[in-house]
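Now for the letters of each chain:
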Amino acid sequence: MMVSSTIGWNIYNRIELTFMSVTHSNTVDMAELLIYAYELGDMINNSAAVSDYLFWKGKVESDPEVQILVKKLASKKELFEETERFGHFHPNYHEAKDQVAQVEGELEQLESVRRFKAAEKELDDILHQMSETIAFAVSDTIKVPSNDPNPIGGCSSGGCGSGGKCSCG
């Protein structure tokens, strides 16, 4: 299990110890479990990863250039959605699709957007690792949702089509 250094091993160890103690007891006190969950949430909220995420989120929200491009992107997406109803047969389908891609590319050129997306991904990865740790402490067959379109161990890595264990859905 790889845990981001921004959260640190102390959170990972705390989770491991908490769930080992809960799984070894005969009864689960839900109030105690909720207290641990809130403590974990507080530790994550006080982490450098969340701080970085909030900083860049604020930069994106206050950057006038980003806001102009976001509005431009929304209008281009609206035009694309109109052509998408007819698909490739619409005479402006490819042009509208290219315009959306162009504005998305312009957004990606901005440092605040790039840094925000990187911070968002780091935080998402940390939260997914925490979810996996908790779920797998209960059972190694529990499915843990992820925002990754090509998760490790999913269909892209062999999965059910190759005779392996299916974790696709």
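The coordinates are above.
A few points on the structure. The residue numbers shown here count from 1 along each chain, following its written sequence. The model is predicted, so local features are restricted to residues of pLDDT at least 70 and side-chain atom pairs to those at 80 or more, both for listing and for counting; the totals for chains, interfaces and linings are taken over all residues. Note that water and hydrogens are dropped before the side-chain values are worked out from all heavy atoms of the structure.

Moving on to the overall build of the chain. Secondary structure summary: the chain contains six helices and zero strands in total. Per-residue accessibility, obtained with a 1.4 Å probe over protein chains only, is compared with the maximum for each type, and a residue is labelled buried under 20%, exposed over 50%, and partly exposed between these values. Burial status across the chain gives 27% buried among its 169 residues. To qualify as a helix, a DSSP run of H or I must reach at least 4 residues; to qualify as a strand, a run of E must reach at least 2; elements of each kind are numbered from the N terminus.

Let us now look at the pattern of salt bridges. Think of a salt bridge as a Lys or Arg side-chain nitrogen and an Asp or Glu carboxyl oxygen that are within 4 Å of each other. The full count for this structure, using the stated rule, is four salt bridges. Notably, a salt bridge pairs Arg115 with Glu111, separated by 3.1 Å at the nearest N-O pair. With Arg115 and Glu111 both in helix α6 (residues 111-138) and four residues apart, the pair spans about one turn of that helix. Given a relative accessible area of 42%, Glu111 falls into the partly exposed group.

So, on to the packing of aromatic side chains. Aromatic rings from Phe, Tyr and Trp, taking only the six-membered ring of Trp, are treated as a pair when their centres fall within 6.5 Å; an angle between ring planes under 30 degrees marks them as stacked, one over 60 as edge-to-face, and anything in between as tilted. Inspection of every chain in the model, using the stated rule, returns three aromatic pairs. For the ring pair Phe80 and Tyr93, a centre distance of 5.4 Å and an interplane angle of 40 degrees mean the geometry is tilted. Note that Phe80 is positioned in helix α4 (residues 64-84) and Tyr93 in helix α5 (residues 93-108), a separation of 13 residues in sequence. Assigned by exposure class, Phe80 and Tyr93 land together as buried.

For the rest of this paragraph, the subject is the nonpolar core. One finds Ile44, Val66, Leu107, Leu110, Val113 and Leu123 to be the most contacted residues of the largest nonpolar core, which totals 23 residues. For this core, the secondary-structure elements that each account for two or more residues are α2 (30-45), α3 (48-62), α4, α5 and α6. Take this core: its biggest share by element is six residues, from α6. Residues in contact with Val66, not counting those within four places in the same chain, are Val60, Leu107, Leu110, Ser112 and Val113. Throughout this description, the term nonpolar core refers to a set of buried Ala, Val, Leu, Ile, Met, Phe, Trp, Tyr and Cys residues connected via side-chain atoms within 4.5 Å. Contacts between residues were defined by any pair of non-hydrogen atoms, one from each residue, lying within 4.5 Å.

Right, let's talk about the layout of surface pockets for a bit. Which parts of space are left empty comes out when a probe the size of a water molecule is rolled across the atoms. Roughly 180 Å³ of internal volume is contained in the second largest pocket. For the lining of the second largest pocket, the elements supplying multiple residues, two or more each, are α4, α5 and α6. Side-chain classes follow a simple rule in which Ala, Val, Leu, Ile, Met, Phe, Trp, Tyr, Cys and Pro form the nonpolar group, Asp, Glu, Lys and Arg form the charged group, and the remainder, Gly included, forms the polar group. Within the lining of the second largest pocket, the residues separate by chemical class into seven nonpolar, no polar and five charged. Space inside and on the surface of the protein is sampled on a 1 Å grid over the protein atoms alone, with a cavity defined as a set of points where a 1.4 Å probe fits but cannot get out and a pocket as an open set with protein on both sides within 12 Å along at least 5 of 7 lines; lining residues have an atom within 4 Å of a point. Grid points are joined across faces, edges and corners, and a volume is the space filled by probe spheres set on the points.

Okay, the packing of α4 against α5 next. Structural elements are reduced to axes, namely lines fitted to C-alpha atoms, with helices fitted over the stretch in contact, and the angle between N-to-C directions of any two is expressed from 0 to 180 degrees. Axis separation between α4 and α5 bottoms out at 9 Å; the angle between their running directions is 160 degrees. By the angle between their directions, the pair α4 and α5 is classed as roughly antiparallel. As α4 runs across α5, the sense of the crossing is left-handed. For the pair α4 and α5, contact is made by Val66, Leu69, Val70, Lys72, Leu73, Lys76, Lys77, Leu79, Phe80, Thr83 and Glu84 and by Tyr93, Ala96, Lys97, Gln99, Val100, Val103, Glu104, Glu106 and Leu107, respectively. Its residues assigned to classes, the contact of α4 with α5 shows 11 nonpolar, two polar and seven charged. Here the angle decides the label: under 35 degrees means roughly parallel, over 145 means roughly antiparallel, 65 to 115 means roughly perpendicular, and every other value means oblique. Here is the rule for handedness: rotate from the far helix to the near one, and if that takes an anticlockwise turn smaller than a right angle the crossing is left-handed, while a clockwise turn gives right-handed.

This part takes up α2. Residues spaced three or four apart along an α-helix point in a common direction, a consequence of the helix completing one turn every 3.6 residues. Take the number of residues in a helix, subtract one, and multiply by 1.5 Å to get its expected span. Relative to the 22 Å expected for 16 residues at 1.5 Å per residue, α2 spans 22 Å between its end C-alpha atoms, a close match to the ideal helical length. The term polar contact refers here to a pair of N or O atoms within 3.5 Å; inside protein, the definition further demands a hydrogen-donor-capable atom paired with an acceptor-capable atom, and it admits residues adjacent in sequence only when both atoms are side-chain atoms. Capping the start of α2, Asp29 holds a side-chain oxygen 3.2 Å from the backbone nitrogen of Ala31, two or three residues further along.

This part covers the environment of Glu84. Secondary-structure assignment places Glu84 in helix α4. Spatially, the C-alpha atom of Glu84 lies 9.0 Å from that of Ala96, the residues being 12 residues apart in sequence.

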